[in-house]
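The primary structure of each chain is shown beneath.
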Amino acid sequence: MNLNLKKPICFFDLETTGINISKDRIVEIAILKVFPDGKEESKTWLVNPEMPIPQEVTEIHGISDADVANAPTFKVLAKEIYGMIKDSDLGGFNSNRFDIPLLAEEMLRADVDFDMKSTLAVDVQTIFHKMEQRTLVAAYKFYCGKDLENAHSAAADTLATYEVLKAQVERYDELENNTKFLSEFSSRKQFADFAGFLVFNKEGEECFAFGKHKNKRVLDVLSDEPGYFGWILNADFPLYTKKVLTAIKLRNFNNKLS
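Each value, and the rule that gives it
Residues numbered from 1 in each chain as written. Predicted model: local features only at pLDDT ≥ 70, side-chain atom pairs only at ≥ 80, totals over all residues. Heavy atoms only, no water. Helix = DSSP H or I, 4+ residues; strand = E, 2+ residues; numbered from the N terminus. Rg over C-alpha atoms; globule rule 2.2 N^0.38 Å. Contact = heavy atoms within 4.5 Å. pLDDT = per-residue confidence, 0-100. Polar contact = N/O pair within 3.5 Å; in protein donor to acceptor, adjacent residues only side chain to side chain.

Helix and strand counts for the chain come out as 11 helices and 7 strands. Its C-alpha atoms give the chain a radius of gyration of 19 Å, near enough to 18 Å, the size a compact globule of 258 residues would have. Seen along its three principal axes, the alpha-carbon backbone of the chain occupies a region of about 55 × 45 × 30 Å. Considering only contacts in the chain between residues 6 or more positions apart, those separated by 24 or more positions represent 61%.

Encoded structure:
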């Protein structure tokens, strides 16, 4: 079967130096772009992260400092990667909580104005966990009847993720074969940013999801405690979170002027 697509969807997977969205860097990225007519285009890049890869991380994905020593940096690759995904929705395995936030950080560091305003995100892991509660290796075996060779290779994981999603749509009658439904079904919570520091309340207003102002409206906090905005901008928060917070502040300022 083919996915019912309104526009292309890019399945992607990252191998990284670690799991800290703000600090860690990409060492490999694989993208499988699937078009509405079923055509597929794929590409994999090794990336020099400009920082050491911890040995315990190398033992997981098999990529060492030597492997990426002569690879281009993400800043060099950013425009090419963005050119491949900018017209597409995104799909991945645990991508809503890790791959998309980290990719956004790398894009912003490379001065690429990355956002998700017109992009849907389908997280195959969330669908899997809602249906079966397993891992990617188990998902591939369960849905596709295959053993996942070269697990933690970005290209192998990306292809497996795409095949698992097609098998999920075919298996479950309650899953509609369109990206909008799959995006909504695979989302966990309404986040205003990628990393989950800002969330939407029932009225669709941005609220803080952490710290002393948890569940308070962002606009109320910025009005009552203006210094909190500056503290976040200077603290170790993801760049995309800072970008969204700045946009909220500017939107409120413009509304007061109009």
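Our next topic: the confidence of the model for the chain. Mean pLDDT over the chain stands at 92; residues scoring 70 or higher make up 97%. Averaged over each element, pLDDT in the chain is lowest for helix H11 (residues 239-257) (85) and highest for strand S2 (residues 26-34) (98).

On to the side chain of Thr158. With respect to the helices, strands and loops of the structure, Thr158 is situated in helix H7 (residues 154-171). Within the structure, the side chain of Thr158 is placed 3.4 Å from the backbone nitrogen of Asp13, a separation counted as a polar contact. Setting aside residues up to four positions removed in sequence, Thr158 forms contacts with Phe11, Phe12, Asp13, Ala30, Ile31 and Leu32.

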